[in-house]
Amino acid sequence: MAEKENYFEFILPSKVEYGPGTIKTLPEELLRNDFKRVVFVVTPGRNRSGMLDGILAVLAEEGSEATVFDRVIENPDLASVADCVQFLRAFTPDAVVGVGGGSALDTAKAAAVCYSNGTDSVLDLLNGDGGSRKIKKKSLPAIMVPTTAGSGTEVNYWAVITNKAEKEKLSVGAPAMSPHMAIVDPELTLSLPPKVTLYTGIDALTHAIESYLSKTSNWLSDMFSFGAITLIMGSLRRAVDDGANLVARCNMALASMLAGVAMENVGLGLIHAMSHQVSGFYDTPHGLANALLLPEVLAFNRPGAKEKIKSLDRVARGKGGFIRWIEKLYSCLLYTSDAADELDG
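Remember, predicted model here, so these are calculated numbers, not experimental data.

1. Topic: the overall build of the chain
Secondary structure summary: the chain contains 13 helices and eight strands in total. A compact globule built from 345 residues should have a C-alpha radius of gyration of about 20 Å, and the chain, at 20 Å, falls within 12% of that. Overall, the C-alpha framework of the chain stretches about 60 × 45 × 45 Å when taken along its three principal axes. Of the contacts made within the chain by residues no fewer than 6 positions apart, 76% connect residues no fewer than 24 positions apart. Accessible surface computed for the chain: about 15000 Å², of which carbon and sulfur atoms make up 54%. Of note, the chain has its 33 positive side-chain charges centred 5 Å away from the centre of its 40 negative side-chain charges.

Here it is as C-alpha coordinates:
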(Lines give C-alpha, C1' and ligand atoms only; values in the text may rest on other atoms or scores of the structure.)
Protein backbone atom coordinates (compact mmCIF):
# COMPACT_ATOMS: atom_id res chain seq x y z
CA MET A 1 0.00 0.00 0.00
CA ALA A 2 1.29 3.49 -0.91
CA GLU A 3 2.42 5.80 1.86
CA LYS A 4 -0.10 8.42 2.96
CA GLU A 5 2.16 11.29 1.85
CA ASN A 6 1.94 10.00 -1.74
CA TYR A 7 -1.74 11.04 -1.87
CA PHE A 8 -2.47 14.64 -2.73
CA GLU A 9 -4.92 16.96 -4.45
CA PHE A 10 -3.64 19.23 -7.20
CA ILE A 11 -5.60 21.86 -9.13
CA LEU A 12 -4.58 23.16 -12.57
CA PRO A 13 -7.63 25.23 -13.41
CA SER A 14 -6.63 27.65 -16.17
CA LYS A 15 -5.64 27.49 -19.81
CA VAL A 16 -2.28 29.12 -20.54
CA GLU A 17 -0.94 30.65 -23.74
CA TYR A 18 2.80 31.10 -23.20
CA GLY A 19 5.48 32.55 -25.45
CA PRO A 20 6.81 35.72 -27.07
CA GLY A 21 4.10 37.51 -29.04
CA THR A 22 1.14 35.61 -27.56
CA ILE A 23 -0.56 38.89 -26.61
CA LYS A 24 -1.66 38.95 -30.26
CA THR A 25 -4.01 36.03 -29.51
CA LEU A 26 -6.07 38.03 -26.99
CA PRO A 27 -8.69 39.47 -29.39
CA GLU A 28 -9.17 36.02 -30.94
CA GLU A 29 -9.64 34.44 -27.50
CA LEU A 30 -12.24 37.04 -26.53
CA LEU A 31 -14.16 36.62 -29.78
CA ARG A 32 -13.97 32.81 -29.76
CA ASN A 33 -15.50 32.76 -26.28
CA ASP A 34 -18.22 35.23 -27.30
CA PHE A 35 -17.00 37.81 -24.79
CA LYS A 36 -18.51 40.83 -26.55
CA ARG A 37 -18.46 43.26 -23.63
CA VAL A 38 -15.06 43.47 -21.98
CA VAL A 39 -13.45 45.58 -19.26
CA PHE A 40 -9.67 45.94 -19.19
CA VAL A 41 -8.29 46.50 -15.67
CA VAL A 42 -5.01 48.44 -15.64
CA THR A 43 -3.04 51.18 -13.91
CA PRO A 44 -3.26 54.77 -15.21
CA GLY A 45 0.26 54.49 -16.63
CA ARG A 46 -0.57 51.30 -18.51
CA ASN A 47 -3.56 52.98 -20.10
CA ARG A 48 -1.51 56.05 -21.09
CA SER A 49 1.17 53.83 -22.66
CA GLY A 50 -1.11 52.98 -25.60
CA MET A 51 -0.50 49.27 -25.18
CA LEU A 52 -4.21 48.50 -25.42
CA ASP A 53 -4.98 50.69 -28.41
CA GLY A 54 -4.46 48.02 -31.06
CA ILE A 55 -6.44 45.41 -29.14
CA LEU A 56 -9.33 47.80 -28.57
CA ALA A 57 -9.35 48.69 -32.27
CA VAL A 58 -9.56 45.03 -33.33
CA LEU A 59 -12.41 44.38 -30.90
CA ALA A 60 -14.29 47.45 -32.14
CA GLU A 61 -13.92 46.27 -35.77
CA GLU A 62 -15.47 42.94 -34.76
CA GLY A 63 -18.46 44.65 -33.13
CA SER A 64 -17.38 44.09 -29.52
CA GLU A 65 -17.65 46.75 -26.85
CA ALA A 66 -14.62 47.24 -24.63
CA THR A 67 -13.75 49.83 -22.03
CA VAL A 68 -10.88 50.45 -19.61
CA PHE A 69 -10.87 50.72 -15.84
CA ASP A 70 -7.56 52.46 -15.17
CA ARG A 71 -7.66 53.21 -11.45
CA VAL A 72 -5.61 50.24 -10.19
CA ILE A 73 -3.28 51.18 -7.33
CA GLU A 74 -0.13 49.49 -6.02
CA ASN A 75 -1.07 47.16 -3.18
CA PRO A 76 -4.82 47.25 -4.02
CA ASP A 77 -7.12 47.82 -1.10
CA LEU A 78 -10.78 47.25 -0.29
CA ALA A 79 -11.79 50.66 -1.60
CA SER A 80 -9.97 50.32 -4.94
CA VAL A 81 -11.51 46.88 -5.53
CA ALA A 82 -14.98 48.23 -4.67
CA ASP A 83 -14.38 51.06 -7.16
CA CYS A 84 -13.65 48.48 -9.85
CA VAL A 85 -16.72 46.39 -8.95
CA GLN A 86 -18.95 49.44 -9.31
CA PHE A 87 -17.37 50.15 -12.70
CA LEU A 88 -18.13 46.57 -13.78
CA ARG A 89 -21.70 46.81 -12.57
CA ALA A 90 -22.28 49.97 -14.60
CA PHE A 91 -20.88 48.35 -17.78
CA THR A 92 -22.21 44.76 -17.31
CA PRO A 93 -19.29 42.97 -18.99
CA ASP A 94 -19.04 39.40 -20.23
CA ALA A 95 -15.39 39.23 -19.08
CA VAL A 96 -12.58 41.20 -17.50
CA VAL A 97 -8.97 41.33 -18.65
CA GLY A 98 -6.31 42.21 -16.10
CA VAL A 99 -3.16 43.60 -17.72
CA GLY A 100 -0.11 44.48 -15.63
CA GLY A 101 1.70 43.36 -12.51
CA GLY A 102 0.24 41.56 -9.52
CA SER A 103 -1.75 44.62 -8.39
CA ALA A 104 -3.72 44.85 -11.65
CA LEU A 105 -4.29 41.10 -11.86
CA ASP A 106 -5.39 40.79 -8.23
CA THR A 107 -7.71 43.78 -8.63
CA ALA A 108 -9.28 42.17 -11.70
CA LYS A 109 -9.74 38.79 -10.00
CA ALA A 110 -11.10 40.23 -6.77
CA ALA A 111 -13.49 42.58 -8.56
CA ALA A 112 -14.68 39.81 -10.88
CA VAL A 113 -15.61 37.48 -8.02
CA CYS A 114 -17.23 40.27 -6.00
CA TYR A 115 -19.27 41.22 -9.08
CA SER A 116 -20.56 37.70 -9.66
CA ASN A 117 -21.37 37.26 -5.97
CA GLY A 118 -23.33 40.52 -5.73
CA THR A 119 -21.11 42.52 -3.38
CA ASP A 120 -18.73 45.47 -3.55
CA SER A 121 -16.59 44.27 -0.64
CA VAL A 122 -14.03 41.50 -0.43
CA LEU A 123 -14.87 41.30 3.28
CA ASP A 124 -18.28 39.85 2.43
CA LEU A 125 -16.55 36.83 0.88
CA LEU A 126 -14.44 35.99 3.93
CA ASN A 127 -15.35 33.87 6.92
CA GLY A 128 -14.41 34.88 10.43
CA ASP A 129 -11.49 32.44 10.31
CA GLY A 130 -10.03 34.11 7.21
CA GLY A 131 -11.31 31.51 4.74
CA SER A 132 -13.21 32.34 1.57
CA ARG A 133 -16.08 29.86 1.82
CA LYS A 134 -18.65 32.63 1.32
CA ILE A 135 -17.77 32.62 -2.39
CA LYS A 136 -20.84 30.87 -3.75
CA LYS A 137 -20.82 31.76 -7.46
CA LYS A 138 -18.12 31.29 -10.06
CA SER A 139 -16.24 34.43 -10.91
CA LEU A 140 -16.96 36.51 -13.97
CA PRO A 141 -14.52 35.16 -16.59
CA ALA A 142 -11.13 36.81 -16.06
CA ILE A 143 -8.21 36.70 -18.47
CA MET A 144 -4.83 37.46 -16.93
CA VAL A 145 -2.05 39.16 -18.91
CA PRO A 146 1.03 39.65 -16.69
CA THR A 147 3.59 42.30 -17.62
CA THR A 148 5.97 41.41 -14.78
CA ALA A 149 7.54 38.09 -13.82
CA GLY A 150 6.90 37.68 -10.14
CA SER A 151 3.43 37.31 -8.68
CA GLY A 152 2.32 34.12 -10.45
CA THR A 153 -1.23 35.27 -9.81
CA GLU A 154 -2.10 34.76 -13.48
CA VAL A 155 -2.36 31.00 -12.93
CA ASN A 156 -3.90 30.71 -9.48
CA TYR A 157 -7.15 31.60 -7.78
CA TRP A 158 -5.77 33.85 -5.01
CA ALA A 159 -5.83 37.63 -4.69
CA VAL A 160 -4.20 39.70 -1.95
CA ILE A 161 -6.07 42.85 -0.94
CA THR A 162 -5.12 45.39 1.76
CA ASN A 163 -7.52 46.31 4.56
CA LYS A 164 -6.13 49.74 5.39
CA ALA A 165 -8.33 50.20 8.44
CA GLU A 166 -6.80 47.12 10.07
CA LYS A 167 -3.37 47.48 8.43
CA GLU A 168 -3.50 43.93 7.17
CA LYS A 169 -3.36 42.07 3.90
CA LEU A 170 -6.24 39.72 3.18
CA SER A 171 -5.91 36.61 1.04
CA VAL A 172 -9.14 35.80 -0.77
CA GLY A 173 -9.34 32.71 -2.91
CA ALA A 174 -11.34 29.67 -3.95
CA PRO A 175 -11.44 27.49 -7.08
CA ALA A 176 -14.44 29.55 -8.21
CA MET A 177 -11.99 32.48 -8.59
CA SER A 178 -9.74 30.64 -11.05
CA PRO A 179 -8.84 32.76 -14.08
CA HIS A 180 -10.50 31.80 -17.33
CA MET A 181 -7.05 31.79 -18.90
CA ALA A 182 -3.62 33.41 -18.78
CA ILE A 183 -1.67 34.90 -21.68
CA VAL A 184 1.98 34.94 -20.62
CA ASP A 185 3.98 36.90 -23.17
CA PRO A 186 7.58 37.50 -22.02
CA GLU A 187 7.94 40.33 -24.54
CA LEU A 188 5.65 42.41 -22.32
CA THR A 189 8.36 42.37 -19.61
CA LEU A 190 11.17 43.71 -21.81
CA SER A 191 10.56 47.31 -20.76
CA LEU A 192 10.64 46.62 -17.01
CA PRO A 193 13.31 48.70 -15.25
CA PRO A 194 16.05 46.81 -13.37
CA LYS A 195 14.68 47.50 -9.89
CA VAL A 196 11.19 46.23 -10.73
CA THR A 197 12.71 43.22 -12.49
CA LEU A 198 14.70 42.43 -9.34
CA TYR A 199 11.88 42.88 -6.83
CA THR A 200 9.35 40.89 -8.86
CA GLY A 201 11.95 38.22 -9.60
CA ILE A 202 12.69 37.80 -5.90
CA ASP A 203 8.94 37.51 -5.29
CA ALA A 204 8.84 34.61 -7.76
CA LEU A 205 11.92 33.08 -6.12
CA THR A 206 10.27 33.34 -2.70
CA HIS A 207 7.10 31.65 -3.98
CA ALA A 208 9.19 28.83 -5.41
CA ILE A 209 11.32 28.34 -2.28
CA GLU A 210 8.43 28.47 0.18
CA SER A 211 6.31 26.05 -1.84
CA TYR A 212 9.31 23.73 -2.21
CA LEU A 213 9.91 23.73 1.55
CA SER A 214 6.21 23.53 2.45
CA LYS A 215 5.16 20.69 4.74
CA THR A 216 2.32 19.96 2.32
CA SER A 217 4.58 19.82 -0.74
CA ASN A 218 4.39 16.75 -2.94
CA TRP A 219 6.15 15.24 -5.93
CA LEU A 220 4.14 17.30 -8.43
CA SER A 221 4.46 20.63 -6.60
CA ASP A 222 8.19 20.02 -6.17
CA MET A 223 8.53 19.57 -9.92
CA PHE A 224 7.04 23.03 -10.47
CA SER A 225 8.81 24.84 -7.62
CA PHE A 226 12.24 23.27 -8.13
CA GLY A 227 12.02 24.00 -11.84
CA ALA A 228 11.19 27.62 -11.07
CA ILE A 229 14.15 27.96 -8.68
CA THR A 230 16.53 26.54 -11.29
CA LEU A 231 15.26 28.94 -13.97
CA ILE A 232 15.52 31.95 -11.67
CA MET A 233 19.05 31.10 -10.57
CA GLY A 234 20.14 31.06 -14.20
CA SER A 235 18.18 34.07 -15.43
CA LEU A 236 17.37 36.71 -12.79
CA ARG A 237 20.78 38.35 -12.82
CA ARG A 238 20.80 38.40 -16.63
CA ALA A 239 17.30 39.90 -16.79
CA VAL A 240 18.29 42.66 -14.35
CA ASP A 241 21.59 43.43 -16.08
CA ASP A 242 20.16 43.31 -19.62
CA GLY A 243 16.44 43.90 -19.79
CA ALA A 244 16.42 43.24 -23.55
CA ASN A 245 17.64 39.65 -23.07
CA LEU A 246 14.56 37.80 -24.30
CA VAL A 247 15.85 34.37 -23.26
CA ALA A 248 16.25 35.55 -19.65
CA ARG A 249 12.84 37.25 -19.77
CA CYS A 250 11.23 34.05 -21.11
CA ASN A 251 12.81 31.99 -18.33
CA MET A 252 11.67 34.44 -15.65
CA ALA A 253 8.10 34.55 -17.00
CA LEU A 254 8.00 30.75 -17.04
CA ALA A 255 9.48 30.52 -13.54
CA SER A 256 6.91 32.96 -12.16
CA MET A 257 4.11 30.89 -13.66
CA LEU A 258 5.50 27.59 -12.36
CA ALA A 259 5.88 29.00 -8.86
CA GLY A 260 2.34 30.39 -9.02
CA VAL A 261 0.97 26.92 -9.75
CA ALA A 262 2.98 25.35 -6.93
CA MET A 263 2.01 27.87 -4.27
CA GLU A 264 -1.69 27.65 -5.12
CA ASN A 265 -1.62 23.97 -4.25
CA VAL A 266 0.71 23.73 -1.25
CA GLY A 267 0.80 27.24 0.22
CA LEU A 268 3.62 29.49 1.34
CA GLY A 269 5.38 30.08 4.65
CA LEU A 270 6.90 32.44 7.18
CA ILE A 271 8.33 34.91 4.66
CA HIS A 272 4.92 35.75 3.22
CA ALA A 273 3.26 35.59 6.63
CA MET A 274 5.55 38.43 7.72
CA SER A 275 6.00 40.35 4.46
CA HIS A 276 2.25 40.81 4.03
CA GLN A 277 2.09 42.44 7.44
CA VAL A 278 5.05 44.70 6.64
CA SER A 279 3.31 45.82 3.46
CA GLY A 280 0.02 46.20 5.32
CA PHE A 281 1.59 48.63 7.79
CA TYR A 282 4.09 50.46 5.58
CA ASP A 283 2.89 49.89 1.97
CA THR A 284 6.32 48.41 1.24
CA PRO A 285 6.75 46.88 -2.24
CA HIS A 286 5.97 43.20 -1.78
CA GLY A 287 9.09 41.93 -3.54
CA LEU A 288 11.34 44.14 -1.42
CA ALA A 289 9.73 42.94 1.81
CA ASN A 290 10.26 39.34 0.69
CA ALA A 291 13.86 40.05 -0.24
CA LEU A 292 14.72 41.39 3.19
CA LEU A 293 13.19 38.39 4.95
CA LEU A 294 14.31 35.59 2.64
CA PRO A 295 17.88 34.90 3.87
CA GLU A 296 16.94 35.08 7.55
CA VAL A 297 13.94 32.78 7.21
CA LEU A 298 15.92 30.30 5.12
CA ALA A 299 18.56 30.13 7.84
CA PHE A 300 15.82 29.68 10.46
CA ASN A 301 14.14 26.89 8.46
CA ARG A 302 17.32 25.04 7.60
CA PRO A 303 17.28 22.62 10.60
CA GLY A 304 13.79 21.47 9.65
CA ALA A 305 14.39 21.20 5.91
CA LYS A 306 17.95 19.92 5.70
CA GLU A 307 17.51 17.55 2.76
CA LYS A 308 15.65 19.98 0.55
CA ILE A 309 18.05 22.81 1.26
CA LYS A 310 20.89 20.40 0.47
CA SER A 311 19.25 19.83 -2.90
CA LEU A 312 19.25 23.60 -3.46
CA ASP A 313 22.91 23.72 -2.41
CA ARG A 314 23.68 21.13 -5.09
CA VAL A 315 22.07 23.34 -7.74
CA ALA A 316 24.19 26.22 -6.43
CA ARG A 317 27.39 24.14 -6.43
CA GLY A 318 30.24 26.38 -7.48
CA LYS A 319 28.42 29.37 -6.02
CA GLY A 320 29.16 28.51 -2.39
CA GLY A 321 25.74 27.07 -1.63
CA PHE A 322 22.21 28.37 -2.09
CA ILE A 323 22.07 30.90 0.74
CA ARG A 324 25.49 32.18 -0.31
CA TRP A 325 24.17 32.58 -3.88
CA ILE A 326 21.31 34.72 -2.54
CA GLU A 327 23.77 36.84 -0.55
CA LYS A 328 25.93 37.37 -3.64
CA LEU A 329 22.86 38.30 -5.68
CA TYR A 330 21.88 40.87 -3.08
CA SER A 331 25.37 42.34 -2.82
CA CYS A 332 25.46 42.84 -6.58
CA LEU A 333 21.89 43.96 -7.18
CA LEU A 334 19.82 44.72 -4.09
CA TYR A 335 22.26 46.84 -2.11
CA THR A 336 22.65 49.47 -4.80
CA SER A 337 22.17 53.18 -4.19
CA ASP A 338 18.61 53.12 -5.58
CA ALA A 339 17.58 50.17 -3.42
CA ALA A 340 19.36 51.64 -0.40
CA ASP A 341 17.25 54.76 -0.75
CA GLU A 342 14.10 52.61 -0.44
CA LEU A 343 15.51 50.71 2.51
CA ASP A 344 16.18 54.01 4.24
CA GLY A 345 12.66 55.23 3.50
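2. Regarding the packing of aromatic side chains
This model, assessed by the stated rule, comprises six aromatic pairs. Consider the rings of Tyr157 and Trp158, whose centres lie 5.7 Å apart with planes at 40°: the pair is tilted. Exposure remark for Trp158: the relative accessible area of 33% places this residue in the partly exposed category. A centroid spacing of 5.8 Å and a plane angle of 25° characterise the contact between Phe322 and Trp325, whose relative ring orientation is stacked. Here the residue Phe322 and the residue Trp325 both occupy positions in helix H12 (residues 322-334), the gap between them amounting to three residues, near one helical turn. Residue class for Trp325 comes out buried when judged on its relative accessible area of 8%. In this arrangement the basic side chain of Arg37 is found over the ring face of Phe91, its NZ or CZ atom lying 4.1 Å from the centre. Over the ring of Tyr212 we find Lys308; its NZ or CZ atom is 4.6 Å from the centre of that ring.

3. Looking at the sheet that holds strand E2 (residues 37-41)
In space, the six strands of this open sheet follow the order E1-E8-E5-E4-E2-E3, with parallel pairing throughout. Edge positions in the sheet fall to strand E1 (15-18) and strand E3 (65-69), since each has one partner strand and no second. Averaged over all adjacent pairs, the angle separating strand axes in this sheet is 15°, with direction ignored. Note that strand E5 (residues 142-146) and strand E8 (residues 181-184) share two bridges and pair parallel. If you follow Met144 over to E8, its bridge partner there is Ala182.

4. Some details on the pattern of salt bridges
For the structure on display, the rule yields 14 salt bridges. Here Lys308 makes a salt bridge to Asp222, at a shortest N to O gap of 3.0 Å. With a gap of 86 residues between them, Lys308 in helix H11 (residues 306-315) and Asp222 in helix H7 (residues 219-241) connect regions that are remote in the sequence. Owing to a relative accessible area of 19%, Asp222 belongs among the buried residues under this scheme. Each of Lys15, Glu17, Glu28, Glu29 and Arg32 takes part in one network of salt bridges that share partners.

5. Examining a nonpolar patch on the surface
Taken together, the side chains of Phe8, Trp219 and Met223 make up a nonpolar region of the molecular surface, amounting to roughly 380 Å² of accessible area. With respect to the helices and strands, the residue Trp219 is situated in helix H7. Of the residues examined, Trp219 reaches a relative accessible area of 66% and is grouped as exposed.

6. A short note on the packing of helix H6 (residues 194-213) against helix H8 (residues 246-266)
Axis separation between H6 and H8 bottoms out at 8 Å; the angle between their running directions is 40°. Between H6 and H8, the angle falls in the class oblique. Between H6 and H8 lies a crossing whose hand is left-handed. Between H6, through Thr197, Gly201, Ala204, His207, Ala208 and Ser211, and H8, the contact on the second element is made entirely by Arg249, Met252, Ser256, Ala259, Ala262, Met263 and Val266. For the contact of H6 with H8, a count of residues per class yields seven nonpolar, five polar and one charged.

7. Here's the deal with the packing of H6 against H7
H7 packs onto H6 with a crossing angle of 160° between their chain directions and a minimal axis gap of 9 Å. Overall, the two elements H6 and H7 adopt an arrangement that is roughly antiparallel. Judged by the sense of rotation from one axis to the other, the crossing of H6 with H7 is left-handed. Residues Pro194, Thr197, Leu198, Gly201, Ile202, Ala204, Leu205, Ala208, Ile209, Ser211 and Tyr212 of H6 form the contact with H7, whose participating residues are Asp222, Ser225, Phe226, Ala228, Ile229, Ile232, Leu236, Ala239 and Val240. Looking at the contact of H6 with H7 residue by residue, the classes come out as 15 nonpolar, four polar and one charged.

Basis of the calculations
Residues numbered from 1 in each chain as written. Predicted model: local features only at pLDDT ≥ 70, side-chain atom pairs only at ≥ 80, totals over all residues. Heavy atoms only, no water. Helix = DSSP H or I, 4+ residues; strand = E, 2+ residues; numbered from the N terminus. Rg over C-alpha atoms; globule rule 2.2 N^0.38 Å. Contact = heavy atoms within 4.5 Å. Areas by Shrake-Rupley, 256 points an atom, 1.4 Å probe, with all protein chains shown as cover. Lys, Arg positive; Asp, Glu negative; His and termini not counted. Charge placed at Lys NZ, Arg CZ, Asp CG, Glu CD. Phe/Tyr/Trp six-rings, centres within 6.5 Å; stacked < 30°, edge-to-face > 60°. Buried < 20%, exposed > 50% of the residue type's maximum accessible area, 1.4 Å probe, protein only. Lys NZ or Arg CZ within 6 Å of the ring centre and 35° of its normal. Pairing = 2+ DSSP bridges. Axes fitted to C-alpha atoms, helices over the stretch in contact; angles between N-to-C directions. Salt bridge = Lys/Arg side-chain N within 4 Å of Asp/Glu carboxyl O. Patch = residues over 30% accessible without salt bridge, like charges linked within 9 Å, V, L, I, M, F, W, Y side chains within 5 Å. Parallel < 35°, antiparallel > 145°, perpendicular 65-115°, else oblique. Left-handed = near helix turned anticlockwise from the far one by under 90°. Nonpolar A, V, L, I, M, F, W, Y, C, P; charged D, E, K, R; others polar.

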